[in-house]
Amino acid sequence: MKIASFNINGIKARLPRLLEWLAETRPSVACLQEIKTQDEGFPADEFKKIGYYAIWHGQKSFNGVAILADGVRPVETQRGLAGEPEDDHSRYLEAEVNGVRIAGIYLPNGNPQPGPKFDYKLRWMKRLRARMAELKSLEIPTIVTGDFNVIPTDADIWNPKAMADDALMQPESRDAYLRLLHDGWTDAIATHNPNGGVWTYWDYQAGAWQKDHGFRIDHALLSPELADRLVACGVDKAHRGREKASDHAPIWVQLRD
DNA sequence: ATGGCGCGTGGAACGCGA
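What comes next is a walk through the structure. (Residues numbered from 1 in each chain as written. Chains lettered and ligands numbered in written order. Predicted model: local features only at pLDDT ≥ 70, side-chain atom pairs only at ≥ 80, totals over all residues. Heavy atoms only, no water.)

Some points on the sheet that holds strand β14 (residues 251–255)
Adjacent strands of a sheet pair through backbone hydrogen bonds, lying either parallel or antiparallel. For clarity, the threshold we go by: Two strands form a pair only when DSSP identifies at least two bridges running between them. In this text, helices come from DSSP runs of H or I with a minimum length of four residues, and strands from runs of E with a minimum of two, each type numbered from the N-terminal end. Between N-to-C directions, angles span 0 to 180 degrees; the directions come from axes that are lines fitted to C-alpha atoms, helices contributing only their stretch in contact.
An order of β3-β4-β2-β1-β14-β13 is seen for the six strands of this open sheet, with the pairing classed as mixed. Among the strands making up the open sheet, the edge pair consists of β3 (52–57) and β13 (230–235). Strand-to-strand twist across the sheet, computed as the mean angle between neighbouring axes with direction ignored, equals 15 degrees. Sheet analysis places β3 next to strand β4 (residues 65–70), joined by six bridges and oriented antiparallel. The partner of Tyr53 across the bridge, within β4, is Ala69.

Here it is as structure tokens:
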């Protein structure tokens, strides 16, 4: 079973590239972030044509997440995080697919910091941690994957100084991420790449892609039941270099059946 | 040293992202 995550930066603008990626890499499950469309605009038929069933949680202009599954309907288990009823951002969607619980997340960016957006990010991470504690207590194979908008360590960015004041790598953001790991979740890509140097995002600006000025903010966290089944993981880096690409590359984990 | 792009909305210029 291969589970992937891809921040597509707009499903309308990205649809040809997204369909191409699905056809070429054929993940069993794909979690999508930043679909940037209301529910009515989600192209479910296009995915159905190539054998994927989908659930989605849209929003006008911004955010928005979806879960696609190859040949089987994802069974939705939750949308949104508890704890802040007035929060209307579409950033969390959770489903069960073939006995695996899958949460797809688009964690708030948090810039500029300090400020209300950074406060929202930290609150959201607290709410996520609470949900992940519930999931862990179920003791079923679980993956939480998506755009975490956290650069976990200085080894996860081409130049830590370039982003020193950014919300993505503030100590508070990193501490909140580290707490998830300490709670017993395994960062799949970090585990398989202990020296860092793996990027999942390259800015559109300043020739960042050409210079390989990237960082790692898309993650896959595995529950103990699933960490035992991890056989390989990676980044579909080449897809970032194509015409009309997203600024993120897809990530994936391969799990023993 | 600085600035640099792209998407959605809506039909110009701006909010937002990272």
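What to know about the side chain of Asp218
Selection criterion: Burial classification: accessible surface area is computed with a 1.4 Å probe over protein chains only, and a residue below 20% of its type maximum counts as buried, one above 50% as exposed, and the rest as partly exposed. For the purpose of charge, His is not counted, nor are the chain termini; Lys and Arg are scored as positive and Asp and Glu as negative. We count a salt bridge whenever a side-chain nitrogen from Lys or Arg sits within 4 Å of a carboxyl oxygen from Asp or Glu. Two N or O atoms form a polar contact when they lie within 3.5 Å of each other; inside protein one atom must be a possible hydrogen donor and the other a possible acceptor, and for residues adjacent in sequence the pair counts only when both atoms belong to side chains. Contacts: residue pairs with any heavy atoms within 4.5 Å of one another.
Relative to the assigned elements, Asp218 resides in strand β12 (residues 218–222). Although Asp218 is buried, it forms no salt bridge, and the closest oppositely charged side chain is Arg216 at an N-O distance of 9.1 Å. For Asp218, the side chain forms a polar contact with the side chain of Thr200, separated by 2.7 Å. A distance of 2.8 Å separates polar atoms of two side chains, one belonging to Asp218 and the other to His248. Those residues within four positions of Asp218 in sequence are excluded, and the remaining contacts are Asn7, Gln33, Gly146, Asp147, Ile189, Thr200, His248 and Ile251.

A word on the sheet that holds strand β9 (residues 186–187)
Read across the sheet, six strands follow the order β5-β6-β7-β8-β12-β9 without closing on themselves; strand pairing throughout is mixed. Each end of this open sheet is capped by a strand with a single partner; those strands are β5 (75–79) and β9. Here six bridges tie strand β6 (residues 92–97) to strand β7 (residues 100–106), and the two strands are oriented antiparallel to one another. Bridge pairing in β7 links Tyr92 to Ile105. With respect to the sheet, helix α4 (residues 171–182) is in contact with β9 and β12, its orientation differing from that of β12 by roughly 25 degrees.

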